[in-house]
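# Overview (structure and organization)
Each chain is listed here by its residues.
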Amino acid sequence: MILYFSATGNSEYVAKNIAYINNDQTVDMSFYLKSNQIMDLTSDSPYLVVCPIYISTLPTIIIELLKKSKLNGNKNIYFIMTCAGSGVSGADAFIRPLVKDMGLIYRGVEHLSMPQNYLMFFTVKNKEENDIKMQEAISKIPALADKIKNNLDFNMDKVDFMHKISIKPVIWMFDKFFIKPKKFYIKDGCISCSICVNSCPLNNIKLIDGKPIWGKSCVHCTACINRCPKKVIEYGKKTLDKNRYVAIKFKEN
Ligand SMILES: Cc1cc2nc3c(=O)[nH]c(=O)nc-3n(C[C@H](O)[C@H](O)[C@H](O)COP(=O)(O)O)c2cc1C
């Protein structure tokens, strides 16, 4: 069973592609985040978690969701982190204790380098460059699916000690000082379509008088700002004149 979280579609693409190759099923963890429900699931096949890297590791909301979940049946769990950079860096330091808490067997973590979506701090590339990066990532998906099918481990390297102790304060500082939901605003041209409201995994956006208003529980996933069809959502000055990014959808063929 493949559990995925995806703000702009990279991780969703990977999850659905592997499900197609391995004849497995996908579960969108956003449903559980939005409805504040515990995941109580049973799978014959190994579990695979696919989600983006946030500040070198699993998004905190996914760690919290997995911690309180009941994953029954198969005891094995694999992880694929999609990222814009070139590695999973600190993820292992968070995933190992999490898997232990969950009473499951850790089968390793792999990363797939995909287009950047974090436009509040980085540049989102143009369509041509994103297409090339996406195709490179897509070409690596069958080998990962094969490993799971053949019961082989993913990468089991342990993160080095210095990285392990430095990463927690970095994430704490990021959550506390860098995420400022008050900085979101809309320019002229909002059509009240509610795509931002529906795409927020934490139900943090409400339409008031037809216009989106952000609450306090943002994690900077970028779903709202990247998915706005009119590109009228901005975050302070950091996102002005920048490209937006939404991944292509996986299609069975
Ligand atoms: C809040 C946030 C933090 C991020 N941190 C990292 C990071 O530390 N390293 C990295 O390579 N990419 C980072 N990224 C980029 C995403 O991991 C990458 O674009 C991912 O594939 C997006 O997946 P999605 O489309 O499934 O949401 C970050 C993105 C966001 C929104």
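The rules behind these values
Residues numbered from 1 in each chain as written. Predicted model: local features only at pLDDT ≥ 70, side-chain atom pairs only at ≥ 80, totals over all residues. Helix = DSSP H or I, 4+ residues; strand = E, 2+ residues; numbered from the N terminus. Expected span 1.5 Å × (residues − 1). Bend = angle between axes of the 7 residues up to and from the residue. Buried ≥ 20, exposed ≤ 12 C-beta atoms within 10 Å, placed from the backbone. Contact = placed C-beta atoms within 7 Å. Pairing = 2+ DSSP bridges. Axes fitted to C-alpha atoms, helices over the stretch in contact; angles between N-to-C directions. Parallel < 35°, antiparallel > 145°, perpendicular 65-115°, else oblique. Left-handed = near helix turned anticlockwise from the far one by under 90°. Nonpolar A, V, L, I, M, F, W, Y, C, P; charged D, E, K, R; others polar. Core = buried A, V, L, I, M, F, W, Y, C linked by C-beta atoms within 7 Å. Near = placed C-beta within 6 Å. Domains from an automatic or database assignment.

In this section: helix H5 (residues 127-149). When the terminal C-alpha atoms of H5 are compared, their 33 Å separation across 23 residues agrees well with the 33 Å that a helix rising 1.5 Å per residue should span. Along H5, the largest kink reaches about 25° and is centred on Ile141; proline Pro142 follows within four residues of it. Looking at H5, one finds that the buried residues are Asn130, Ala137, Ile141, Leu144, Ala145 and Ile148. Buried residues along H5 sit in contact with helix H1 (10-22), strand E4 (47-52), strand E6 (76-83) and strand E7 (105-113).

Attention now moves to the sheet that holds strand E1 (residues 2-4). Within a sheet, neighbouring strands are paired by backbone hydrogen bonds and run either parallel or antiparallel to one another. One open sheet holds the five strands; their spatial order is E2-E1-E4-E6-E7, and the pairing between them is parallel. Only two strands of the sheet have a single neighbouring strand rather than two, namely strand E2 (26-28) and E7. Averaged over all pairs of adjacent strands, the angle between their axes in this sheet comes to 20°, without regard to strand direction. Note: E1 against E4, three bridges, orientation parallel.

Looking now at the environment of Pro169. With respect to the element layout, Pro169 can be found in helix H6 (residues 161-178). Here Pro169 falls in the exposed class, since 9 other C-beta atoms lie within 10 Å of it. Residues Pro169 and Met120, spaced 49 residues apart in sequence, show a C-alpha to C-alpha distance of 21 Å.

Attention shifts here to the packing of H1 against H5. Between H1 and H5, the least distance of the axes is 9 Å, while the angle of their chain directions is 55°. The angle between the axes of H1 and H5 places the two elements in the oblique class. For the pair H1 and H5, the sense of crossing is right-handed. Two secondary-structure elements touch here, H1 through Val14, Asn17, Ile18, Ile21 and Asn22 and H5 through Ile141, Pro142, Leu144, Ala145, Ile148 and Lys149. Looking at the contact of H1 with H5, its residues break down into eight nonpolar, two polar and one charged.

Among soluble globular proteins, nonpolar side chains are generally buried collectively. Ranked by size, the top nonpolar core spans 47 residues in total, and within it Ile2, Ile18, Leu48, Val50 and Ile95 carry the most contacts. The dominant element in this core, judged by the number of residues it contributes, is helix H4 (residues 91-102), at six residues. In this structure, Leu48 is in contact with Ile2, Ile18, Tyr78, Ile80 and Ile148, ignoring residues within four places of it in sequence. Among the nonpolar cores identified, the runner-up in size contains 18 residues, and Cys200, Val219, Cys221 and Cys228 belong to it.

Let us now look at the site of the ligand. For the ligand, the set of nearby residues contains 23 residues, the closest of which are Asn10, Ser11, Pro52, Cys83 and Gly85. Put simply, the parts of the chain that give the shell around the ligand at least two residues each are H1 and E6. Among the residues forming the shell around the ligand, the class breakdown is 11 nonpolar, 12 polar and no charged. Split by domain, the shell around the ligand shows at least three residues from each of two domains, domain 1 (2-162) and domain 2 (179-235).

Next up on the list: the domain arrangement of the chain. Assigned domains within the chain: domain 1 (2-162) and domain 2 (179-235). On a C-alpha basis, the centroid separation for the pair domain 1 and domain 2 is 25 Å. With 11 residues of domain 1 at the interface, the matching set in domain 2 holds 11 residues. If one sorts the elements of the side of domain 1 that touches domain 2 by residue count, helix H2 (residues 29-35) sits on top with three residues.

So, on to unusual backbone geometry. Comment: phi is negative for the bulk of residues other than glycine, and the bulk of peptide bonds are trans. A positive phi is found at Ser194, a non-glycine position, where the angle reads about 75°. Along the chain, Ser194 falls in the loop between strand E8 (184-186) and helix H7 (195-199).

With that settled, the discussion passes to the pairing of strand E9 (residues 205-208). Looking down a regular strand, the side chains alternate between one sheet face and the other. In the sheet, E9 pairs with strand E10 (residues 211-214) via four bridges, with the strands oriented antiparallel. Across the sheet, residue Ile205 finds its bridge partner in E10, namely Trp214. The hairpin formed by E9 and E10 contains two residues between the paired strands, and Asp209 there has a positive phi angle of roughly 50°.

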